[in-house]
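# Report on the structure
One letter stands for each residue in the lines below.
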Amino acid sequence: MERPEYLVLYSLLAGSYVGPVIAPIVTVYIYQYFGWQAVFYIFGLIGIFIAGVWYVFTRDYPEIHKLVNNQEKEYILEDREIVDTAKVRAP
């Protein structure tokens, strides 16, 4: 069973496929009713909103995410391989 929090992320990812189809049509209507500057402001605000939602729901490591419970953390960590990611300086 999927958790509701993931539906938000799936919706954002689906936008990368649906957006290019809908954006040109929406752009024309925004331009006609509000002017060309409004296109940049509206799409900019939408982008900032999506970035905020993405920041709230994603983390680099699932075990530090506040919505992951202890049982999930244990499940994630039990099969994780430790990989050395030390940075090496170029010669």
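Everything here concerns the structure above.
The sections below set out a description of the structure shown in this document. Counting restarts for each chain, with residues numbered from 1 along the sequence as it is written. Owing to the predicted nature of the model, reporting of local features is limited to residues with pLDDT of at least 70; listing and counting of side-chain atom pairs is limited to 80 or more, with chain, interface and lining totals taken over all residues. Calculation of side-chain values draws on the structure's entire complement of heavy atoms; hydrogens and water are dropped beforehand.

## Remarks on the overall build of the protein chain
By the criteria applied, helices consist of DSSP H or I runs no shorter than four residues and strands consist of E runs no shorter than two, each listed in order from the N terminus. Per the secondary structure count, the protein chain includes three helices and zero strands. Across the 91 residues of the protein chain, 10% fall into the buried class. Here, two residues are considered to be in contact whenever any of their heavy atoms come within 4.5 Å of each other. Sequence separation of at least 24 residues holds for 37% of the intrachain contacts in the protein chain that already meet a minimum separation of 6. Accessible surface is estimated by sampling points in the Shrake-Rupley manner with a 1.4 Å probe; for residues, cover comes only from the protein chains shown. By element, 66% of the accessible surface of the protein chain is carried by carbon and sulfur atoms, the whole surface being about 8,300 Å². Partly exposed residues are those whose accessible area sits between 20% and 50% of the maximum for their type, while under 20% is buried and over 50% is exposed, using a 1.4 Å probe and protein chains only.

## Focus: helix α2 (residues 36-57)
Think of an α-helix as 3.6 residues a turn; residues three or four steps apart then line up on the same face. Its 22 residues give α2 an end-to-end C-alpha distance of 33 Å, which sits within 8% of 32 Å, the value for a rise of 1.5 Å per residue. Listed as buried for α2 are Ala-38, Val-39 and Val-53. When α2 is viewed along its axis, its buried side chains cluster within an angular range of 110° and face the same direction. Of the residues in α2, the exposed ones pointing more than 90 degrees away from the buried face are Trp-36, Phe-40, Tyr-41, Ile-48 and Tyr-55. The length a helix should cover is 1.5 Å for every residue beyond the first. The arc in question is formed by the directions pointing from the helix axis toward the C-beta atoms.

## A short note on a negative patch on the surface
Residues Glu-74, Glu-78, Asp-79 and Glu-81 make up a contiguous surface patch of negative charge. For Asp-79, the location among the structural elements is in the segment after α3 (70-78). Using a relative accessible area of 61% as the deciding quantity, one classes Asp-79 as exposed. Within this analysis, patches are made of residues with over 30% relative accessible area and no salt bridge. Like charges are joined at 9 Å or less; nonpolar side chains (Val, Leu, Ile, Met, Phe, Trp, Tyr) at 5 Å or less. Put simply, a salt bridge is a Lys or Arg side-chain nitrogen that is within 4 Å of an Asp or Glu carboxyl oxygen. Only four residue types enter the tally: Lys and Arg on the positive side, Asp and Glu on the negative side, with His and both chain ends excluded. Every charge is mapped onto a representative atom, which is NZ of Lys, CZ of Arg, CG of Asp or CD of Glu.

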